[in-house]
Structures are given as structure tokens and as C-alpha cells.
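A structural walkthrough
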Amino acid sequence: MKTRLVLVLAALLLAPALTLSATRISIGTGSSGGVYFFVGNAMTSLLNKHMAGLNATPEPVTGSAHASKLVDSGDLALALAEVATAYHGYRGSRKDFPKPLENIRFVMGGMASGQAPVVWADSPIKSWADIKGKRIATNSPASLAMVTPLLEMHGIEMSDVDHKTLNYTEQVSAMKDGNLDVAFMAPAPRNASVMDLGARRAIRILGLAPDTAKEYARRYPHWSPITLKAGTYDGQKADVIMPAYHTAVIANKDVDADLIYGIVKTVIEHNKEFGEMHESGKEFTVERTRDFLRQEMVPAPFHPGAERFWREKGVVK
């Protein structure tokens, strides 16, 4: 009886210590139905599986600007964010950032996600130039920031279109209901929302002419275009060139350095499994972060925990 009592007391004394040892963090993903939403959920599952004591929760956000602000405030520990948005957020150099987000730090580079206009296959809209006068939607301020200069390169001002901000699920519904002519979505590498739209009736993804894509990349290197291979979607018979978000994982500067080091190490060491969970996961590699430095796309200072890992890998000198 005495032995049993000692064991019970020992268990009660240990319980608080075990609870305190658990680490809870929130990771910003993306709006429901978007690529970031699915990749962020896959990343969270990967970390929870392989990092003992970690309890990571995926948190949907309305876009990269929203994610960056929540990381800066400390409401999110980490988030997936589009590079150009994180860059301008850290510097306060875009109108949706009235002040610099000085608390965000760069962790690692990730996948490229292409953005393009999606219309019905029988629509008279066959090129970017045909968008003038139409009802269009983008899913976030970051998406609108990417799209606006491309519309201008095709002779279209924002005053020439009827624009709304709708998440991907809302865009699909609006297209199906006949309330939207052009949905700006993220078809690359492969998007469930685009597949949902195409399941009802045939769709067309509008691409950029090679010369336009080249000039756009020169002007806006953070949005350098990528190619969506033919056959990615039913009825897509040709490659499609589209501007791309290049993804950064960002963190609040006060997140524990050892935790960030462990997160990067886990993502890199389990890259194959990450890719099996979502195709884009395979792009979170050592070489991808090396490319960010080579192409001068690092949007903010490295988080100390991430910097330690990348120095060990020879990425940061």
C-alpha cells in the first residue's frame, strides 16, 4: 500500500513537468483551398510526427500579408509567406504595410506556386488582354500586387475591371454561379480548387507570352514565372507560363532558436516524406534555400536557429 502511494505521488509530481515540457506553436498556412493551406497542413503533420514534445497547429490565414503581420505580432510562431510580401512587410515598403514588420525572420525557402487567370474553356477570354472589362477576383492583397503589373503590361488598369477579393473556395462558387468571369488561382504545381472548378465543366488557364514572361521576370525577380506542364489538368494540351509566388518560411524573432533549428532539420531530413504528403513538400530542400541566397531573394534576416542550421550545411558562409 505504501509503495503504491509513493508511486501515485511521484506520478502527480511529474505530471506538471511533463505538461510544461510540451511546446505549442501555431503555423500560418493559407486561405482554405489554396496550395499554402494544404502544404502548411502537411508540414504541421510532419513536424508533429517527428519532433517529440511538439504540438503544432495549422492556422488558416487570408494571405501572405496577413500571415506576415501575425508572425510579426507573435500571434503565429511561423508561417508560409510569399517572398515579395515578406520582403515588403519587413521594410514597410508597400501600402498594405503602414509600418515595418521588424520582428519577422527568414527560416528557409520552399516551393514556387504559379498564379494564373482561370476561365471556362468556352469563354471568349483567350488571353490576358481579353480580361479588360471583365469581373475578376484575387484571393489576397499579395495576389493583387502580383496581378496588377501584369494587367498593366497588357494595357489594362484596375479601373478597367470589376475586381473583388475572394478566397479560392469563394472564387469557385462565383464561377459556377455565373457571377465571375476570371478567377485568379494557383494552378501550379496542382491545386484542388482548380480541379474542383474543372470537374464541373472544361476550363482554360491563361498563360503569358514568352517575351512578356521574360520582361516580367526582369522587372519583378521575386515573381519570376514558372511553367505548368501540359497535361497537369484535364484538357490542358500545352505548357502554360505563369508568374509564381516563391515561398519563404518565416518566424517571429523571439521563437526559441533550438526549436527553429529542429524544425528546419526535420523538414530537410524528412523531405521525401514531406513530398509524399504533398507534391510541393519536395521543394523544401537545401538547394532551394541556397538558390534564395544566390538570387538575392532572402526577404528578411535569418532567424538565429535557422542560420545555425544553414551554416552547418555550408549555405550561409
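1. What to know about the overall build of the protein
Within the protein one finds 12 helices and 12 strands. Expected size for 317 residues packed as a compact globule is a radius of gyration near 20 Å; at 22 Å, the protein falls within 12% of this value. Put simply, the protein has 317 residues, and 50% of those count as buried. Nonlocal contacts in the protein, meaning residues at least 24 apart in sequence, comprise 75% of its contacts between residues at least 6 apart. Carbon and sulfur atoms form 53% of the exposed surface of the protein, whose accessible area is close to 14,600 Å². Across the protein, 36 positive and 33 negative side-chain charges occur, with their mean positions spaced 3 Å apart.

2. Describing the sheet that holds strand β1 (residues 23-28)
Across the sheet, which stays open at both edges, the five strands sit in the order β2-β1-β3-β12-β4 with mixed pairing between neighbours. Both outer strands of the open sheet, β2 (54-59) and β4 (104-114), are each paired with one neighbouring strand and no more. Direction aside, neighbouring strands of the sheet carry axes that sit 20° apart on average. Note: β1 against β2, six bridges, orientation parallel. The partner of S26 across the bridge, within β2, is T57.

3. Let's talk about the pattern of salt bridges
Where side chains of opposite charge bring their charged atoms close, a pairing between them can arise. For the structure on display, the rule yields 15 salt bridges. The salt bridge involving E215 is made with R219; its shortest N-O contact spans 2.8 Å. With E215 and R219 both in helix α8 (residues 210-219), this residue pair falls four residues apart, about one helical turn. Here R219 falls in the partly exposed class, since its relative accessible area comes to 43%. Beyond isolated ion pairs, a larger network of salt bridges with shared partners links E287, R290, D291 and R294.

Calculation criteria
Residues numbered from 1 in each chain as written. Predicted model: local features only at pLDDT ≥ 70, side-chain atom pairs only at ≥ 80, totals over all residues. Heavy atoms only, no water. Helix = DSSP H or I, 4+ residues; strand = E, 2+ residues; numbered from the N terminus. Rg over C-alpha atoms; globule rule 2.2 N^0.38 Å. Buried < 20%, exposed > 50% of the residue type's maximum accessible area, 1.4 Å probe, protein only. Contact = heavy atoms within 4.5 Å. Areas by Shrake-Rupley, 256 points an atom, 1.4 Å probe, with all protein chains shown as cover. Lys, Arg positive; Asp, Glu negative; His and termini not counted. Charge placed at Lys NZ, Arg CZ, Asp CG, Glu CD. Pairing = 2+ DSSP bridges. Axes fitted to C-alpha atoms, helices over the stretch in contact; angles between N-to-C directions. Salt bridge = Lys/Arg side-chain N within 4 Å of Asp/Glu carboxyl O.

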